[in-house]
Amino acid sequence: MTEQIGVAVLGATGSIGSSTLDVLRLHQGRFKIVSLTGWRRIDPLRQLSNEFTPALIAAEPEHVPDLGSNPLDGREGGCYLGGEDGLVAAATHPEVDTVVAGVSGAAGLRSTLAAVQAGKRVLIANKEPFVMCGELLRNAASESGACLMPIDSEHNAIFQCLPLEAQRDVTSGRGIGRTSEGAGVSRIALTASGGPFLRAPAAAIARATPAEALAHPIWNMGRKISVDSATLMNKGLELIEACNLFGLQESQIDIIIHPQSVLHSLVYFDDGSLIGQMGNPDMRIPISHGLAYPKRAASGIAGINLSEVGQLNFEPPDIERFPSLALAREAAKAGRSTPIALNAANEVAVDAFLGGLITFGEIPGVVARVLERHEPSEITDLAHVVEIDLEVRSLANDMMRRGSPS
Ligand SMILES: NC(=O)c1ccc[n+]([C@@H]2O[C@H](COP(=O)([O-])OP(=O)(O)OC[C@H]3O[C@@H](n4cnc5c(N)ncnc54)[C@H](OP(=O)(O)O)[C@@H]3O)[C@@H](O)[C@H]2O)c1
């Protein structure tokens, strides 16, 4: 019998976590869940703990007691842990081979880096750490021998379209831009559904409510990424993630609006060929690909019926109505610490919007003003990344407290 693959699911109570667990339920003999993390949604975490009896569960420290009596009793090493240290322990547990990074936002940075440094196979949904310090993560992978597997749907699509040698350069952290010259990749295109406001006039977008911004027409996702999809900042973050994960220049990456969301991204080759990956818009497909790679395994999702899709449409994004995309491109071009500033300002602004403190239309204004004030510096290590992240959050909060976000 082949040995079971130990899995850590970081962010198990979220959208990526649920999709991952759905796929893992289809392949119970092949994978063993070693650790699970949630944060504040304790009832679902308790249910998952009873269902999978992992060795380790982590949550926000004050919620750990709410997990109740420990169902891991009697299991060697079975424990509940709180906070970031708990996430790091879940990601680096010796029985874990594969880590699914599904925490939302910069909160996943330390655990993702720890998983990479520990030489794990890391399935990357949590894009923000790769936006903030992708090169640091790639270098850590080269040193530890970790395997980086993109499962954000667009990046997974790009990965699937690459020749095997270039795939190895991505998983090992070398990146295709620097070494895979023979792969012949000239540029890539990330597709975007366009979000809930694709056809909305600028004035309506500016006064959109949280309920409207969270109502994504295609994908059912967590709150932060849903708002980012409505501003198109998500596509901007994905652009930076793609630069950092694949080692490409910002100028090599196109963004194309594709409302049907069945063509997930494309690679342009030097010989004029264009290869794309298609599938129904469901995260269980890229997650299943990442878990089974280099093999294929059932995801629980059927293939696309192209006759039902009928037609595929493509159009350029409207930067006037969606200025966040232009801000992200500027940050990608500026490089150094600028993407950290972009990400932190955006996280603060999205929180403020969801909390009713600013309007939807003010989100890009907060980010733009923070970027104007930010002095870019070279990134040295994790402590430096965290320091910049905290400084920018404090600046963005100050700006909003003073009441002139745009
Ligand atoms: N959802 C998608 O379809 C999708 C697609 C591509 C990429 N992604 C990326 O995947 C990541 C997760 O997205 P999601 O939609 O799954 O988000 P989500 O549904 O909001 O789930 C986020 C998870 O992170 C946990 N969490 C929240 N704050 C935390 C903190 N401070 N420390 C540790 N854990 C924390 C949450 O725990 P509690 O809920 O228990 O508080 C939850 O388990 C994001 O980076 C997103 O950009 C998502």
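For clarity, every value in this text was computed on a predicted model and none was experimentally measured. (Residues numbered from 1 in each chain as written. Predicted model: local features only at pLDDT ≥ 70, side-chain atom pairs only at ≥ 80, totals over all residues. Heavy atoms only, no water.)

(A) View of the overall build of the protein. Within the protein, the regular secondary structure consists of 18 helices and eleven strands. Its C-alpha radius of gyration of 20 Å places the protein within 12% of the 22 Å reference for a compact globule of 406 residues. Across its three principal directions, the C-alpha atoms of the protein cover 60 × 55 × 45 Å. Per-residue burial over the protein gives 56% buried out of 406 residues. The contacts of the protein with a sequence gap of at least 6 include a subset with a gap of at least 24, amounting to 68%. For the protein, the exposed surface amounts to about 16700 Å²; the carbon and sulfur share of it is 49%. Between the averaged position of the 33 positive side-chain charges in the protein and that of its 46 negative side-chain charges there is a distance of 2 Å. (Helix = DSSP H or I, 4+ residues; strand = E, 2+ residues; numbered from the N terminus. Rg over C-alpha atoms; globule rule 2.2 N^0.38 Å. Buried < 20%, exposed > 50% of the residue type's maximum accessible area, 1.4 Å probe, protein only. Contact = heavy atoms within 4.5 Å. Areas by Shrake-Rupley, 256 points an atom, 1.4 Å probe, with all protein chains shown as cover. Lys, Arg positive; Asp, Glu negative; His and termini not counted. Charge placed at Lys NZ, Arg CZ, Asp CG, Glu CD.)

(B) Summary view of the packing of aromatic side chains. Counted under the stated rule, the structure contains three aromatic pairs. Residues Phe159 and Tyr293 carry aromatic rings whose centres are separated by 5.2 Å and whose planes lie at 65° to one another, so their mutual orientation is edge-to-face. Note that Phe159 is positioned in helix H6 (residues 153-161) and Tyr293 in the loop between helix H13 (284-292) and helix H14 (306-309), a separation of 134 residues in sequence. Note on accessibility: Phe159 and Tyr293 belong to one class, buried. When the ring of Phe353 is compared with that of Phe360, the centres are 5.4 Å apart and the planes differ by 70°; the resulting orientation is edge-to-face. A relative accessible area of 2% means that Phe353 is categorised as buried. Since its relative accessible area comes to 3%, Phe360 is described here as buried. (Phe/Tyr/Trp six-rings, centres within 6.5 Å; stacked < 30°, edge-to-face > 60°.)

(C) The site of the ligand, seen in detail. Around the ligand lies a shell of 25 residues, among which Thr13, Arg40, Arg41, Glu128 and Gly222 are the nearest. Here an oxygen atom of the ligand and a backbone polar atom of Ile16 are 2.9 Å apart. Interatomic distance of 2.5 Å between a side-chain N/O atom of Arg41 and an oxygen atom of the ligand. Taking 890 Å² as the accessible area of the ligand by itself, protein coverage stands at 88%. (Near = heavy atom within 4 Å. Polar contact = N/O pair within 3.5 Å; in protein donor to acceptor, adjacent residues only side chain to side chain.)

(D) Local environment of the pattern of salt bridges. In the structure shown here, the tally under the stated rule is 25 salt bridges. Among the ionic pairs, Glu51 bridges to Arg25, the shortest N-O distance being 2.7 Å. Taken together, the positions of Glu51 in helix H2 (residues 42-52) and Arg25 in helix H1 (residues 15-26) put the pair 26 residues apart, joining distant regions of the chain. When its relative accessible area of 31% is taken as the criterion, Arg25 is described as partly exposed. Because the salt bridges share partners, they merge into one network encompassing Asp22, Arg25, Glu51, Asp282 and Arg284. (Salt bridge = Lys/Arg side-chain N within 4 Å of Asp/Glu carboxyl O.)

(E) Representation of the domain arrangement of the protein. Examined at the domain level, the protein breaks down into domain 1 (5-151), domain 2 (177-280 + 306-331) and domain 3 (335-406). Taking only C-alpha atoms into account, the centre of domain 1 sits 27 Å from that of domain 3. Opposite the ten residues of domain 1 that make contact, domain 3 presents twelve residues. Buried surface at the junction of domain 1 and domain 3, summed over both partners, amounts to about 790 Å²; 77% is from carbon and sulfur atoms. There are zero salt bridges connecting domain 1 and domain 3. Across the contact surface, domain 1 and domain 3 share one residue pair in polar contact (both at pLDDT 80 or more). Mapped by element, the contributors of at least two residues to the side of domain 1 that touches domain 3 are helix H4 (109-117) and helix H5 (128-144). (Domains from an automatic or database assignment. Buried area = accessible area lost by both parts, 1.4 Å probe.)

(F) How the structure looks around helix H12 (residues 233-246). With 14 residues, H12 should cover 20 Å at 1.5 Å per step; its first-to-last C-alpha distance of 19 Å lies within 8% of that length. Within H12, 14 of the 14 residues are buried, which leaves it mostly tucked inside the rest of the structure. (Expected span 1.5 Å × (residues − 1).)

(G) Representation of the nonpolar core. Counting 117 residues, the largest nonpolar core has Leu21, Ile188, Phe197, Phe246, Leu342 and Phe360 as its most contacted members. With ten residues, the single largest contributor to this core is helix H16 (residues 338-354). Setting aside residues no more than four positions away along its own chain, Leu342 makes contact with Met233, Leu237, Ile240, Leu327, Ala328, Ala331, Val367 and Leu371. Counting seven residues, the second largest nonpolar core, distinct from the first, contains Ile42, Leu45, Ala59 and Leu67. (Core = buried A, V, L, I, M, F, W, Y, C linked by side-chain atoms within 4.5 Å.)

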